[in-house]
Amino acid sequence: MSCWLICYGSLLPQPSRLPQYSMCKLLSLVCLHCCLQNLPHSPKYSLSSVLGEPVTIRSWLLAGLPNVAFSIDNAIIMKSGRRWPLLIDPQGQANKWIKNLEKDHRLQVIKPSEGGEFMRILENAVQFGSPVLLEGVGAELNPALEPLLLKQVFKSGGVNCIRLGDTTVEYSPDFRFYITTKLRNPHYLPEVSVKVNLLNFMITPAGLADQLLGVVVAAERPDLEEQKAALVVAGAGGNGS
């Protein structure tokens, strides 16, 4: 189920993710099959319980990721996917989170309107392993990005390289690439969708209610927030030992 969410479910809005077996026909069928085959399974499913790492999630929250299951699942999908993420982010929450998350790693922020400067910054970032945030893209992506999106890395003189435009640059394994769009309902062609990991970060009413609840708890009972953080770190330490 986690594989399905990473590959196909990342675009679904929050209500369609349906974290509990009883709320999702597909999960109910999987649960029934496990019962018939006497396979061990959990009565409830959540992506964070399967692929989430408490300390990593804690660092995401400190960087500004909304403390709601939907946003945490998005971050897990982004981390676990093989393709570079394209985040549908009309409210700018994901954009702000990535900037905070990567601010200590020489994050380069670029826009499609920057022309030649755009490719020069990309080439340097790929070579020296700096993360890049391409923000404000439209319904189409620059064709020059295709080798990067497809990760067309090749060996040259024993070194990993990639060709960007007319230039061949060394490809650092530390390079990371993020793309965001403010379009609320973009229609990307299939040839674009298969090259990126599309993620829907658009706020829903339920997600907004969860965020407001978290803000109220943090303001009214900061002791509970500190206790929760301590439990997360302690639990992660126990899992790692």
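Residues numbered from 1 in each chain as written. Predicted model: local features only at pLDDT ≥ 70, side-chain atom pairs only at ≥ 80, totals over all residues. Heavy atoms only, no water.

Draft legend 1. How the structure looks around helix α5 (residues 54–62). Residues of α5 that are buried include every one of T56, I57, W60 and L61, and no others. Angular distribution of buried residues about the axis of α5 spans 140°; they occupy a single face of the element. The inward-facing, buried residues of α5 abut α6 (69–80) and α7 (93–101). (Buried < 20%, exposed > 50% of the residue type's maximum accessible area, 1.4 Å probe, protein only. Helix = DSSP H or I, 4+ residues; strand = E, 2+ residues; numbered from the N terminus. Arc of directions from axis to C-beta. Contact = heavy atoms within 4.5 Å.)

Draft legend 2. Region of the structure containing the packing of aromatic side chains. A complete count under the given rule lists five aromatic pairs for this structure. Here the aromatic rings of W60 and W97 are separated by 6.3 Å at their centres, their planes lie at 85°, and the arrangement is edge-to-face. Of this pair, W60 sits in helix α5 while W97 is found in helix α7, placing the two residues 37 residues apart along the sequence. For the pair formed by W60 and W97, the shared burial category is buried. Their ring planes at 25° and their centres at 6.1 Å tell us that F175 and F177 sit as a pair that is stacked. The class for F175 is buried, based on a relative accessible area of 3%. Relative accessible area serves as the criterion here: at 0%, F177 is assigned to the buried category. (Phe/Tyr/Trp six-rings, centres within 6.5 Å; stacked < 30°, edge-to-face > 60°.)

Draft legend 3. The arrangement of the pairing of strand β5 (residues 159–164) in detail. In terms of strand pairing, strand β4 (residues 154–156) meets β5 through three bridges, oriented antiparallel. Within β5, the residue paired with K155 across the bridge is N160. Counted between consecutive antiparallel strands, the loop separating β4 from β5 contains two residues, among which G157 sits at a positive phi close to 65°. Here β5 runs beside strand β6 (residues 167–170); their pairing, made up of four bridges, is antiparallel. When the sheet's bridge partners are listed, I162 is paired in β6 with V169. Taken together, β5 and the strand that follows it, β6, pair antiparallel across an intervening segment of two residues, in which G165 is found at a positive phi of about 65°. (Pairing = 2+ DSSP bridges.)

Draft legend 4. Region of interest: the pattern of salt bridges. Under the defined criterion, the tally for this structure stands at six salt bridges. The closest approach of N and O atoms between E117 and R120, which form a salt bridge, is 2.4 Å. Of the two residues, E117 and R120 are both situated in helix α8 (residues 116–128); the distance of three residues between them amounts to about one turn of the helix. Accessibility expressed as a relative area gives 42% for R120, which makes it partly exposed. In this structure, the salt-bridge partner of D223 is R221, at a minimum N-O distance of 2.9 Å. A residue is classified by how much of its surface remains accessible, and D223, at 39% relative accessible area, is partly exposed. A residue is classified by how much of its surface remains accessible, and R221, at 41% relative accessible area, is partly exposed. Counted as one network, the salt bridges with shared partners bring together K99, K111 and E135. (Salt bridge = Lys/Arg side-chain N within 4 Å of Asp/Glu carboxyl O.)

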